[in-house]
Amino acid sequence: MHNETKKINLIVDEITSLLMGHGAIEIDVRIRTSDENTVIKITEYESKLDNEFIERMQENFDIPRQYEVEEYYWQLTSDNEMNEDMYLIGTMVDSGTIRKADDGNLYIEVIRNK
Amino acid sequence: MDNNKNQKKAIKDIQVSMLYFFPIMFLLIGLGYGFFVEGFEKFFGGFVKILVSPTILITDFVEVGGIGATFINVGAIAAFNLALIRYYKLRISGVMLAAFFTVIGFSFFGKNLINIIPIYLGGFLYAKHQKISPKGILIVIMFGTALSPIVSELSFTGIMPQLLSLVVGILAGIFIGFILVPLSSHFLKFHSGFNLYNIGFASGIIGTVLTSILRSFRIEIAPVSIIYQQRQEILLVFLIVTFVYLMILGLYINEKPFRQYFQIFKYGGRLVTDFTHLIGSGFSLINMSILGMFCIIYVIAVKGTINGPVIAGILTVAGFGAFGKHLKNCIPIMIGVLSGALLFGYDLSSTGVIISVLFSTTLAPVAGTYGPIIGFVAGVLHMTMVTNVGIIHGGINLYNNGFAGGLVAGFFVPIIDAFKKR
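In every chain, residue numbers begin from 1 and rise along the written sequence. To label them, take the chains in the order written and letter them from A, then take the ligands in the order written and number them from 1. Selection of residues for local features in this predicted model requires a pLDDT of at least 70, selection of side-chain atom pairs for listing and counting requires 80 or more, and totals for whole chains, interfaces and linings are taken over all residues. No hydrogens and no water enter the side-chain calculation; it runs on all heavy atoms of the structure.

1. Things to note about the confidence of the model for chain A
Moving on, step 1. Here pLDDT means the predictor's own confidence in every residue, given as a number from 0 to 100. Of the residues in chain A, 90% reach a pLDDT of 70 or more, and the chain-wide mean stands at 88.
Moving on, step 2. Note on conventions: DSSP H or I runs of at least 4 residues are helices, E runs of at least 2 residues are strands, and numbering of each starts at the N terminus. Element-level pLDDT for chain A is lowest in helix 3 (residues 67-73) of chain A, with a mean of 87, against a maximum mean of 97 in strand 1 (residues 27-33) of chain A.

Now the structure itself:
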């Protein structure tokens, strides 16, 4: 797919930038690609994010994939500190989950089909 | 809280069929007014004139071909785009509403069936070349018909023998459609999403290059001023009907308490702010209606004429009411432009000033993000830019305000950020 690597990097960059903007001090990123899809797993250790924020992120991941939005707007980055809307990322992934576990860590997994 | 969803929630509350109202209304008005008021000969002749006019800024189709023919043009283009949306099963999102209303708005001045088709073809060729689905580029191409005047200008101004002119015009349109997708996406970075009419900015750059090439071959491209100056109630009535319909539709779809509508004002409006996702489709349509009505009141208040360009401005503002604009981020920009117009001695009732005020709302995200005072300054700056950049591209970019807005945002926003305390 066109510009696929750049789009994967953008998704990772957007999520990690958002987490770091909210005080993240330790993040792990794992990316696994196959012929069918790319799975991105991000772990934020000792996350300080509250449930309301996590719910909002999950709502964005629940947006249906919109190729027409992705193809046009994917090069927009959140270089402006105030932009926290993950809507664009939501339109670029097929599914995503975000949960805060009992250990206090935040686990994010997004899947982008090819 | 259920965090184990892997199934995406589909949002499908605005159906394509709900938008059929618009082409049907346009075609009925066109046929009714054309046959019973203007007469068949004037109506048919007007439609041909619209198709073969050069369509450079500002070419008001209501003046060129009459009201009946203009509405037929608008209806046909609306139907064409809805057919594509339905065929590719695209969701009626905020950006789709913005694109649809922008296209039909500019079908009153600049876009016709002949000059938009080559651009669509170019976009589809790009999709084929990149092995992506055409639905991925449809929004860009819908907006991208901003440069459709180049097709008409090359085809119908006698620059070359007619058949050759037509071929060159069509090829130019295909070329524009082909390069527009990658270029427009790239140019987003220049203004970081603070200019909503990004295609206008990209089209301004492309138009400048193309016009420069043509001028190098001694082919002069210059803006014109063909504007309908009469008062016709049918033009005002159809606008009111449009926004009443959107309000009714919005109230029908919406299931939330109305007080939640005001949450829209917390969004700055920077790309990508899709209100159909953020506050719901019902409130988005209601917001579109409110903005549309506000624009009508503004035009009447300054004693302006409702004509093709003004209709385009009103419909475009309304369309982006689903994709970033609301009263709180639009009004400061509009006041800034009006103040600039007063300062520089322009006639506030003139079509040029009115459409500058309406289209200046491309900079709504600046006011929405940095506040009304910064928004006001951006509006004044926009007024100075928009009156001076049209000559650069020679009027082949219909979204001249988008071009000016991109320059203002790209220049102004980094300066504001540089002064912000960290």
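2. Describing the nonpolar core
Moving on, step 1. With 157 residues, the main nonpolar core has F61, Y73 and I108 of chain A together with F143, F238 and I314 of chain B as its most contacted residues.
Moving on, step 2. It is helix 5 (residues 94-106) of chain B that provides the largest number of residues to this core, a total of 10 residues. Only buried Ala, Val, Leu, Ile, Met, Phe, Trp, Tyr and Cys residues count toward a nonpolar core, and they belong to the same one when joined by side-chain atoms within 4.5 Å. Residue burial is assigned from relative accessible area. The probe radius is 1.4 Å, only protein chains are included, and a residue is buried under 20% of its type maximum, exposed over 50%, and partly exposed in between.

3. Quick notes on the packing of aromatic side chains
Residues and elements named next belong to chain B.
Moving on, step 1. Any Phe, Tyr or Trp ring, taking Trp's six-membered ring, that has another such ring centre within 6.5 Å forms a pair; planes under 30 degrees apart are called stacked, those over 60 apart edge-to-face, and the others tilted. Under the counting rule described, the total for this entry stands at 41 aromatic pairs over all chains.
Moving on, step 2. Seen from their ring centres, F100 and F101 are 5.8 Å apart, and the 85° between their planes marks the pair as edge-to-face.
Moving on, step 3. The exposure class assigned to F101 is buried, which follows from its relative accessible area of 0%.
Moving on, step 4. With a centroid separation of 5.2 Å and 25° between ring planes, the pair formed by F106 and F109 is classed as stacked.

4. Some details on the packing of helix 1 (residues 21-38) of chain B against helix 2 (residues 40-52) of chain B
Residue and element names in this part refer to chain B.
Moving on, step 1. Axis definition: a line fitted to C-alpha atoms, over the contacting stretch in the case of helices. Angles run 0 to 180 degrees between N-to-C directions. Where helix 1 meets helix 2, the axes come as close as 6 Å, and the angle between the chain directions of the two elements is 130°. Considering the angle they form, helix 1 stands oblique to helix 2. Contact residues: helix 1 offers G30, L31, G34, F35 and E38, while helix 2 offers F40, K42 and F43.
Moving on, step 2. Side-chain classes are defined by residue name, with Ala, Val, Leu, Ile, Met, Phe, Trp, Tyr, Cys and Pro counting as nonpolar, Asp, Glu, Lys and Arg as charged, and the others, Gly among them, as polar. When the residues that make up the contact of helix 1 with helix 2 are grouped by side-chain class, the tally is four nonpolar, two polar and two charged. What sets the label is the angle itself: under 35 degrees gives roughly parallel, over 145 gives roughly antiparallel, 65 to 115 gives roughly perpendicular, and the rest give oblique. We call two residues contacting when some pair of their heavy atoms lies within 4.5 Å.

5. Points about the sheet that holds strand 1 of chain A
All names here are of chain A.
Moving on, step 1. If you trace the four strands from one edge of the open sheet to the other, you get 1-2-4-3, paired in antiparallel fashion. Edge strands, defined here as strands with exactly one partner in the open sheet, are strand 1 and strand 3 (95-100). On average, adjacent strands in this sheet sit at an angle of 10° to one another, irrespective of strand direction.
Moving on, step 2. Across seven bridges, the pairing between strand 1 and strand 2 (residues 37-44) is antiparallel. The partner of D28 across the bridge, within strand 2, is T43.
Moving on, step 3. Here helix 1 (residues 4-21) sits on the sheet in contact with strand 1, strand 2 and strand 4 (106-113), set at roughly 160° to strand 4.
Moving on, step 4. Along the sheet, helix 2 (residues 51-61) contacts strand 3 and strand 4; its crossing angle with strand 3, the most-contacted strand, is approximately 170°. Two strands are said to pair when DSSP picks up at least two bridges between them.

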